[in-house]
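Remarks on the overall topology
Given next are the chains, with one letter for each unit.
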Amino acid sequence: MKAPQLTETPEVREVASLLIPLQGQTLLVPNVSVAEIVPVGKIEPVPNAPDWYLGDYQWRDLTIPLASFECLNGQPRPTPGNYARVAVFNTTGVSEHIHFVALIAQGLPRLARVTPEELQVRDASPTNPYELMQVSWAGEDAVIPDVPGVEQRVLDYLKTRV
């Protein structure tokens, strides 16, 4: 049997991504960071939770934390509209204790094939704490979220609930 040969990997030319509508802004995230987009179901409010923590959400027989990206960034709490969805994010490994974190979205995400030529940085150091970068993709403004930062904030809060 012949040993496998190492080959050069071609440069990544596009990243399959999602544009997730929020209240007043749009998140741009790679497809692989989102486990599923689901209709808003039952949200179990948590007494004395911070404003950004919308409650515990039941998803696939799991209870996962549901947060508001807008509130995390100091904006008013969004009112979910008729087309609101829950974007369930895979966690990034900040902790082995949580595997998913959900954010409320204001509509159905759209697929985006992001290429370097179409992506332009608007603000590489945004003022909001959970934004990594403000960008423009194919002429549309979007925000690249700090998913590990959101995950850490949720984890810090969950530790206080125990």
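I will try to describe carefully the structure that is included in this document. All residue numbers refer to positions counted from 1 along the written sequence of the respective chain. Note on the predicted model: pLDDT of at least 70 is required for a residue's local features to be given, and 80 or more for side-chain atom pairs to be given and counted; whole-chain, interface and lining totals, by contrast, use all residues. Neither water nor hydrogens contribute to the side-chain values; these are computed over all heavy atoms in the structure.

1. Description of the pattern of salt bridges
Note that side chains of opposite charge can pair when their charged atoms are close. By salt bridge we mean one thing: a side-chain nitrogen of Lys or Arg within 4 Å of a carboxyl oxygen of Asp or Glu. Scanning all chains against the criterion turns up eight salt bridges. Across the pair glutamate 140 and arginine 110 runs a salt bridge whose closest N-O atoms are separated by 2.5 Å. Of this pair, glutamate 140 sits in strand β12 (residues 140–145) while arginine 110 sits in strand β9 (residues 110–114), placing them 30 residues apart in sequence. Categorising residues by exposure relies on relative accessible area from a 1.4 Å probe, with only protein chains included: less than 20% of the type maximum marks a residue as buried, more than 50% marks it as exposed, and the intermediate range marks it as partly exposed. When its relative accessible area of 42% is taken as the criterion, arginine 110 is described as partly exposed. The helix and strand labels rest on DSSP assignments: H or I over at least four residues marks a helix, E over at least two residues marks a strand, and numbering proceeds from the N terminus.

2. Quick notes on the packing of aromatic side chains
Only centres within 6.5 Å qualify two rings of Phe, Tyr or Trp (six-membered ring in Trp) as a pair; their planes then separate them into stacked at under 30 degrees, edge-to-face at over 60, and tilted for everything else. For the coordinates displayed, the defined rule picks out four aromatic pairs. Residues tryptophan 52 and tyrosine 53 carry aromatic rings whose centres are separated by 5.7 Å and whose planes lie at 80° to one another, so their mutual orientation is edge-to-face. On the basis of relative accessible area, tyrosine 53 is assigned to the buried category, the value being 3%. An angle of 80° between the planes, with centres 5.8 Å apart, marks the rings of tryptophan 52 and tyrosine 157 as edge-to-face. Of this pair, tryptophan 52 sits in the loop between β4 (43–44) and β5 (53–59) while tyrosine 157 sits in helix α2 (residues 147–161), and the two are 105 residues apart along the sequence.

3. Some thoughts on the pairing of β12
Two strands pair when backbone bridges link them, and strand β11 (residues 131–137) and β12 are joined in this way by six bridges, in the antiparallel orientation. By the bridge assignment for β12, tryptophan 137 is matched with glutamate 140. Counted along the chain from β11 to the antiparallel partner β12, the turn is two residues long, and its residue alanine 138 has a positive phi close to 50°. Strands are treated as partners if at least two bridges between them are detected by DSSP.

4. Brief notes about the sheet that holds β5
Here six strands make up an open sheet; going across it, the order is β3-β7-β8-β6-β5-β4 and the pairing mixed. Of all strands in the sheet, those with a lone pairing partner are β3 (34–39) and β4, marking the two edges. Direction of pairing for β5 relative to strand β6 (residues 62–67): antiparallel, over a ladder of six bridges. If you follow glycine 55 over to β6, its bridge partner there is leucine 66.

5. Let's talk about the side chain of glutamate 70
On the secondary structure map, glutamate 70 appears in helix α1 (residues 69–72). Although glutamate 70 lies buried, it forms no salt bridge, and the closest oppositely charged side chain, arginine 77, sits 8.9 Å away as judged by the N-O distance. Polar contact criterion, stated in full: a pair of N or O atoms within 3.5 Å, where within protein one must be able to donate a hydrogen and the other to accept it, and residues adjacent in sequence count only if both atoms are side-chain atoms. Of note is the side chain of glutamate 70, whose polar atom sits 2.8 Å from the backbone nitrogen of glutamine 23. With residues up to four places along the chain from it excluded, the contact list for glutamate 70 reads Leu22, Gln23, Gln25, Gln75, Pro76 and Pro78. Charge assignment: positive for Lys and Arg, negative for Asp and Glu; neither His nor the chain ends contribute. Pairs of residues are marked as contacts when any of their non-hydrogen atoms sit within 4.5 Å.

6. Details of the environment of isoleucine 20
Position of isoleucine 20 among the secondary structure elements: in strand β1 (residues 15–21). The class of isoleucine 20 is buried, set by a relative accessible area of 1%. Remark: the alpha-carbon pair of isoleucine 20 and alanine 142, spanning 122 residues in sequence, is separated by 9.0 Å. Those residues within four positions of isoleucine 20 in sequence are excluded, and the remaining contacts are Gln25, Thr26, Leu27, Val29, Val34, Ala87, Phe89, Ala105 and Pro109.

7. Description of the side chain of serine 17
With respect to the helices and strands, serine 17 occurs in strand β1. Overall, the relative accessible area of 5% leaves serine 17 in the buried class. Among the polar contacts made by the side chain of serine 17, one reaches the main-chain carbonyl oxygen of valine 15 at a distance of 3.1 Å. If we skip the residues at most four places from it in the chain, serine 17 touches Leu28, Val29, Pro30, Asn31, Arg110, Leu111, Ala112 and Val114.

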